There are 2 protein chains.
Amino acid sequence: MKIHYECIACAVNQAQKIAEMSTEDVVQRKKAMLFIAKKLGEFFNEDSVPATDGGRLFLELYEFLRNDDPFEEYKRLSTELARDVVSDMGRVNDLKTALKLAIAGNLIDFAVGYDPRKAEEDMLRLASGELYIDHSNELFSELENARSLLYLVDNCGEIYFDRMFIERMREEFPGLKVYVAAKEGPIINDATVEDLREAGFDEIAEVVSTGSKLPGTPLEYASPGFLRLFERVDVVIAKGQANFETLSDLKDPRIFFLLKAKCTPISRELGVPKGSLVCVRGRY
Amino acid sequence: MKIHYECIACAVNQAQKIAEMSTEDVVQRKKAMLFIAKKLGEFFNEDSVPATDGGRLFLELYEFLRNDDPFEEYKRLSTELARDVVSDMGRVNDLKTALKLAIAGNLIDFAVGYDPRKAEEDMLRLASGELYIDHSNELFSELENARSLLYLVDNCGEIYFDRMFIERMREEFPGLKVYVAAKEGPIINDATVEDLREAGFDEIAEVVSTGSKLPGTPLEYASPGFLRLFERVDVVIAKGQANFETLSDLKDPRIFFLLKAKCTPISRELGVPKGSLVCVRGRY
């Protein structure tokens, strides 16, 4: 997906949040925002992918602010919250409900301005509704015949819902070899391979790095090892907006995008109302 | 007032609104926002005044979009609304209430995202409350002894409340010569000299132009004629945030700023809670 017109202002608003998360000092924040004003034009053009080029800009801002993880405390809080919510829910027997909860878990996403305290209530409500586009039957049918699944996670916190979904899939499709990929290092509130290990993913899957800190899965920045894995797996589940932004142009039918359309560009791209939950196959 | 860190993202968000007001075509909007991304760094530095340098950026965007008044329709609607509200209110006898209504009228300000339909209700509520900083007694005492008043208006719509206030002042201080200044041409939803004439200001005051389209009253861009007037008047009433931004650094005790602190930078600068109504003298 290429940038839509709203992506420029959104990137600047996110940069402001990064500055606010990094320092209480308004003088430093002002220097950071003037740095963004100077740099912005270098990062965006007609063909920019918002997650990739926004992410590159944010990493430069991290360097400018000398802070390699401004969202550390926020991620800790959202991790605690998600762990509590998942633990309270107990076992979810239905595979489709587990899928919907994994999508709903995507709303623990501070980068686009959500309050995590509303998360539990909203997730249960969301998971009780219908998906606006629902290719989950196709996904489950592909998984019946698949030998391998690559699961691309999105944010911290949310990964506890992913783990619940993956555990259910492993019970349903016992022959499936599952790889779970996260970022090489911290960027906004995205989960890293370290976060996956802390959440016990080693016990249920093979944890891999995309080879990059950038949001989503921009293949041009991925490691050769990740690329080989990506090419040979049978099914890919890609969580969240950034994975959609970076992989949708492949039109790859192996990929199923699971996300909540939180912003206008994503909902315009998918042709769904803002706020919709979707499980959409890559060829569409 | 120099820019605060939030002013960069606010300028980009306002640029997006300008693009949205100018065209329905998302391709054109994207070109406009990419133009902003390229230009942004040229317009802002540590010493930028937000209204002035933001305004310069917006005028370049107007040129890029080949639209010299994207807010034309919006201004027409807010003018109609304000005219109705003022007409419904009838005569306001109390000078202080008229002053507070002139400040409250400032919330017909689409440029920072307000819905005009809530305006009537909110303005009456606001005018019934206290000013957070209230130098109105000093203002009225200065006007007792003054021969001339320069009244710097802010937005369309709002000027109907200004007219009501000016009419009350003329009754209270009959010897006062009143000049009312507006922009030379359209910028966002600011009132122009043409808007003043349409609102009948010619009948109650001498209408003058600042000599510039830029928001507020940036003296470095004003006409020589306006500068001479500005220097010789006894009292200045400056409405709205942009007039505060462009004139506050003068620390001129002739100026009284009447505004609602709608954003964090203005409220931080004044040391008042966001949303406060103030009548604050220039020397403070």
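Residues numbered from 1 in each chain as written. Chains lettered and ligands numbered in written order. Predicted model: local features only at pLDDT ≥ 70, side-chain atom pairs only at ≥ 80, totals over all residues. Heavy atoms only, no water.

Where an unreviewed UniProt entry is consulted, chain A appears under the name Damage-control phosphatase ARMT1-like metal-binding domain-containing protein, with the organism given as Thermococcus barossii.

A. Focus on the pairing of strand β4 (residues 206-209) of chain B. All names here are of chain B. Examined bridge by bridge, strand β3 (residues 177-182) and β4 share 4 bridges and lie parallel to one another. The residue of β4 that forms the bridge with Val180 is Val207. Since β3 and β4 lie parallel, the crossover through helix α9 (residues 193-198) that links them has a hand, and here it is right-handed. (Pairing = 2+ DSSP bridges. Helix = DSSP H or I, 4+ residues; strand = E, 2+ residues; numbered from the N terminus. Right-handed = clockwise from strand over helix to strand, strands pointing away.)

B. Structural view of the sheet that holds strand β6 (residues 255-260) of chain A. All names here are of chain A. In spatial order, the strands read β1-β7-β6-β5-β2-β3-β4; together these 7 strands make up an open sheet with mixed pairing. Only two strands of the sheet have a single partner each, and these edge strands are β1 (133-134) and β4 (206-209). Relative to strand β7 (residues 277-281), β6 runs antiparallel, the two being bridged by 5 bridges. For Lys260, the partnering residue across the bridge sits in β7 and is Leu277. Along the sheet, helix α7 (residues 136-145) makes contact with β1, β2 (148-152), β5 (235-239), β6 and β7, crossing β5 at roughly 140°. Against the sheet, helix α11 (residues 240-247) contacts β2, β5 and β6, and its axis sits at roughly 140° relative to β6. (Contact = heavy atoms within 4.5 Å. Axes fitted to C-alpha atoms, helices over the stretch in contact; angles between N-to-C directions.)

C. View of the sheet that holds strand β6 (residues 255-260) of chain B. All names here are of chain B. Judged by pairing direction, the sheet is mixed, and its 7 strands sit side by side in the order β1-β7-β6-β5-β2-β3-β4 without closing on themselves. Of all the strands in the sheet, the pair left with one neighbour each is β1 (133-134) and β4. Note: β1 against strand β7 (residues 277-281), 2 bridges, orientation parallel. Paired with Asp134 across the bridge in β7 is Cys279. Contacting β1, β2 (148-152), β5 (235-239), β6 and β7, helix α5 (residues 95-104) crosses the sheet at an angle of about 110° to β7. Sheet strands touched by helix α8 (residues 158-172): β2, β3, β5 and β6. Its angle to β2, the strand with the most contacts, is close to 170°.

D. Examining the environment of Ser128 of chain B more closely. Residue and element names in this part refer to chain B. Secondary-structure assignment places Ser128 in helix α6 (residues 119-128). Put simply, Ser128 and Thr97 are 31 residues apart on the chain and 7.8 Å apart in space, counted from C-alpha to C-alpha. Side-chain polar atoms of Ser128 contact the backbone oxygen of Arg125, separated by 2.6 Å. (Polar contact = N/O pair within 3.5 Å; in protein donor to acceptor, adjacent residues only side chain to side chain.)

E. Structural context of the interface of chain A and chain B. The interface is formed by 24 residues belonging to chain A together with 24 residues belonging to chain B. For the pairing of chain A and chain B, the buried interface totals around 2,400 Å² over both sides, and the portion due to carbon and sulfur atoms is 63%. Counting across the interface, chain A meets chain B through 2 salt bridges. Put simply, Glu46 of chain B and Lys31 of chain A hold a salt bridge, and the shortest N to O gap is 3.9 Å. Elements with a contribution of two residues or more to the side of chain A that touches chain B: α1 (6-22) and α2 (26-43) of chain A. The element best represented in the side of chain A that touches chain B is α2 of chain A, accounting for 10 residues. Partitioning the side of chain A that touches chain B into residue classes produces 11 nonpolar, 4 polar and 9 charged. (Buried area = accessible area lost by both parts, 1.4 Å probe. Salt bridge = Lys/Arg side-chain N within 4 Å of Asp/Glu carboxyl O. Nonpolar A, V, L, I, M, F, W, Y, C, P; charged D, E, K, R; others polar.)

F. Region of interest: helix α7 (residues 136-145) of chain B. All names here are of chain B. Burial in α7 covers these residues: Ser136, Leu139, Phe140 and Leu143. Around the axis of α7, the buried residues are gathered within 95° of arc, so they sit on the same side. Structural note: α7 exposes Asn137, Glu144 and Asn145 on the side pointing more than 90 degrees away from its buried face. (Buried < 20%, exposed > 50% of the residue type's maximum accessible area, 1.4 Å probe, protein only. Arc of directions from axis to C-beta.)

G. A look at unusual backbone geometry. The phi dihedral of Ile188 of chain A is positive, around 35°, even though this residue is not glycine. For Ile188 of chain A, the position within the fold is in the loop between β3 (177-182) and α9 (193-198). Assessed through its relative accessible area of 8%, Ile188 of chain A is described here as buried. Positioned with a positive phi, Arg66 of chain B is a non-glycine residue whose angle comes to about 50°.

H. Highlighting the pattern of salt bridges. Residues and elements named next belong to chain A. On inspection of all chains with the given rule, the structure shows 46 salt bridges over all chains. Asp249 is the salt-bridge partner of Lys2, the closest N and O atoms lying 2.9 Å from each other. Note that Lys2 is positioned in the segment before α1 and Asp249 in the loop between α11 and β6, a separation of 247 residues in sequence. Looking at Asp249, the relative accessible area reads 42%, which means it is partly exposed. Arg281 is paired through a salt bridge with Glu138; the nearest N and O atoms lie 2.8 Å apart. Of this pair, Arg281 sits in strand β7 while Glu138 is found in helix α7, placing the two residues 143 residues apart along the sequence. Relative accessible area serves as the criterion here: at 24%, Glu138 is assigned to the partly exposed category.

I. Region of interest: the domain arrangement of chain A. Residues and elements named next belong to chain A. Partitioning chain A into domains gives domain 1 (6-65) and domain 2 (72-281). With 15 residues of domain 1 at the interface, the matching set in domain 2 holds 20 residues. Of the roughly 1,400 Å² buried between domain 1 and domain 2, counting both surfaces, carbon and sulfur atoms make up 69%. Our count for the domain 1 to domain 2 interface comes out at 1 salt bridge. (Domains from an automatic or database assignment.)

J. Up close: α2 of chain A. The end-to-end C-alpha separation of α2 of chain A is 25 Å, in line with the 26 Å expected for 18 residues at 1.5 Å each. Maximal helix bending in α2 of chain A amounts to about 35°, located at Ala37 of chain A. Those residues of α2 of chain A that fall on the buried side of the exposure criterion are Arg29, Lys30, Ala32, Met33, Leu34, Phe35, Ile36, Ala37, Leu40, Gly41 and Phe43 of chain A. Packed against the buried residues of α2 of chain A are α1 and α3 (50-65) of chain A together with α1 (6-22) and α2 (26-43) of chain B. (Expected span 1.5 Å × (residues − 1). Bend = angle between axes of the 7 residues up to and from the residue.)

K. Looking closely at the relation of the copies chain A and chain B. Mapping chain A onto chain B calls for a rotation angle of 180° and an axial translation of 0.0 Å; the resulting RMSD is 0.0 Å. Such values leave the two copies arranged in the relation of a two-fold axis. Distance from the rotation axis, computed per C-alpha, reaches its smallest value in chain A at Ala9 of chain A: 3.5 Å. With an isologous cut-off of 70% or more, the 100% of interface residues of chain A that recur at the interface of chain B puts this contact in the isologous class. (Least-squares fit on C-alpha atoms with pLDDT ≥ 70 in both.)

L. Spotlight on the packing of helix α3 (residues 50-65) of chain B against helix α11 (residues 240-247) of chain B. All names here are of chain B. At a closest axis distance of 7 Å, the pairing of α3 and α11 adopts a crossing angle of 110°. Overall, the two elements α3 and α11 adopt an arrangement that is roughly perpendicular. Between α3 and α11, the contacting residues are Pro50, Ala51 and Thr52 on the first element and Ala242, Glu245 and Thr246 on the second. (Parallel < 35°, antiparallel > 145°, perpendicular 65-115°, else oblique.)

M. The arrangement of the pairing of β7 of chain A in detail. For β7 of chain A, the tally of buried residues reaches 5 of 5 residues, placing the bulk of the element in the interior. Alternating positions in β7 of chain A separate into two faces, Leu277, Cys279 and Arg281 of chain A on one and Val278 and Val280 of chain A on the other, with burial throughout.

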